[in-house]
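Letter by letter, the chains look like this.
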Amino acid sequence: RRGWQILPWLLLLLLLPLPPGQQPDVEGRPRAKDRQISIIVTTLLQRQHLNKQKLNDEISKRTLGLMLQRLDPRRLYLLQEDVDIFRKQEMKIDDMLRQTDLSFPYEIYNQFTARVNQRLPMIDRWIDAAHDYSVEESYTVTGKTTAYAADEKEMDGRWRLRIKYDLLVLQS
């Protein structure tokens, strides 16, 4: 029943041997060993798993959702436009895996690391900023039910509130 849930983890493991920014493949492309692993994983999932799970569009859809949830659980990096682009290909993940084409998971990961790198200067700026704690504001922890930020301005606001909250917690 839950066998398909291992697929996003395995795809992420292919992409995450080191922290972002320290990947050995600077071009962000699948390596030969990644393709071999994808063959083994898809074969095991379909033939050896207790449920003999078939790779299909439903598994593709779940895989993308879980990959996004694992990469950006608080929705503090990816924008809605990124997710919309990914969703255009979500029903093709099963077909790509059968063809050992791992370009799409790499595309997702590369966009995620690009967004992380974009956020770092903004985070530093908000950490160093003077915050007015007399202003009544609320910070809501983001998660599964939170929409992705529509644009950079909304994302900047999320980070400002998060950092202000974290600094307030540290001061208390």
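Refer to the structure printed above.
Remember, predicted model here, so these are calculated numbers, not experimental data.

Enquirer: Report on the packing of helix α4 (residues 80-87) against helix α6 (residues 103-128), specifying residues and quantitative values.
Expert: It is the contact of α4 with α6, at a shortest axis distance of 11 Å, that shows an interaxial angle of 175 degrees. The orientation of α4 relative to α6 falls into the category roughly antiparallel. Counting all contacts with α4, which are made through E81, D82, I85 and F86, the residues of α6 involved are F104, E107, I108, Q111 and R115. A breakdown of the residues in the contact of α4 with α6 according to their chemical character gives 4 nonpolar, 1 polar and 4 charged.

Enquirer: Explain the pattern of salt bridges residue by residue, including any values.
Expert: Inspection of every chain in the model, using the stated rule, returns 13 salt bridges. Residue E58 pairs with R62 through a salt bridge whose shortest N-O separation is 3.0 Å. Separated by 4 residues within a single helix, E58 and R62 lie in helix α3 (residues 57-71), roughly one turn from each other. For E58, a relative accessible area of 41% translates into the label partly exposed. Notably, a salt bridge pairs K164 with E137, separated by 2.5 Å at the nearest N-O pair. Residue K164 is found in helix α7 (residues 152-171), and its partner E137 is found in the loop between α6 and α7; the two are separated by 27 residues along the sequence. A residue is classified by how much of its surface remains accessible, and K164, at 10% relative accessible area, is buried. A residue is classified by how much of its surface remains accessible, and E137, at 34% relative accessible area, is partly exposed. One network of salt bridges, in which partners are shared, links E81, D82, R115, R119 and E152.

Enquirer: Outline the environment of E81, listing residues and values.
Expert: Looking at the secondary structure, you find E81 in helix α4. E81 sits in the partly exposed class, given a relative accessible area of 43%. When the C-alpha atoms of E81 and A149 are compared, they prove to be 8.7 Å apart, with 68 residues separating the residues in sequence.

Enquirer: Which residues make up the packing of aromatic side chains, and what are the values?
Expert: This model, assessed by the stated rule, comprises 4 aromatic pairs. Measuring from ring centre to ring centre gives 6.3 Å for F86 and F104, while their planes differ by 75 degrees; the resulting arrangement is edge-to-face. Here F86, found in helix α4, pairs with F104, found in helix α6; they are 18 residues apart in sequence, far enough to count as distant. Taken together, the ring pairs in this structure connect Y77, F112 and W159 into an aromatic cluster.

Rules used in this analysis
- In this convention, every chain numbers its residues from 1, walking through the sequence in written order.
- The model is predicted, so local features are restricted to residues of pLDDT at least 70 and side-chain atom pairs to those at 80 or more, both for listing and for counting; the totals for chains, interfaces and linings are taken over all residues.
- Only hydrogens and water are set aside; all other atoms, that is, all heavy atoms of the structure, feed into the side-chain values.
- An axis is simply a line fitted to the C-alpha atoms; with a helix, the fit covers only the stretch in contact. Between two such axes, the angle follows the N-to-C directions and lies from 0 to 180 degrees.
- Under the scheme used here, helices are H or I runs from DSSP no shorter than 4 residues and strands are E runs no shorter than 2 residues, and both carry numbers assigned from the N terminus.
- Each angle is binned into one of four classes, with values under 35 degrees roughly parallel, values over 145 roughly antiparallel, values of 65 to 115 roughly perpendicular, and all other values oblique.
- Whether two residues touch is decided by their heavy atoms; if any such pair falls within 4.5 Å, the residues are in contact.
- For this scheme, ten residues count as nonpolar: Ala, Val, Leu, Ile, Met, Phe, Trp, Tyr, Cys and Pro. Four count as charged, namely Asp, Glu, Lys and Arg, and the remainder, Gly too, count as polar.
- Should a side-chain nitrogen of Lys or Arg be within 4 Å of a carboxyl oxygen of Asp or Glu, the pair is scored as a salt bridge.
- A simple rule labels every residue: compare its accessible area, found with a 1.4 Å probe on the protein chains alone, to the largest value its type can have, and call it buried under 20%, exposed over 50%, or partly exposed in between.
- Only rings of Phe, Tyr and Trp enter the pairing, Trp through its six-membered ring, and a pair is recorded when the two centres are within 6.5 Å. The plane angle decides the type: under 30 degrees is stacked, over 60 is edge-to-face, the rest tilted.

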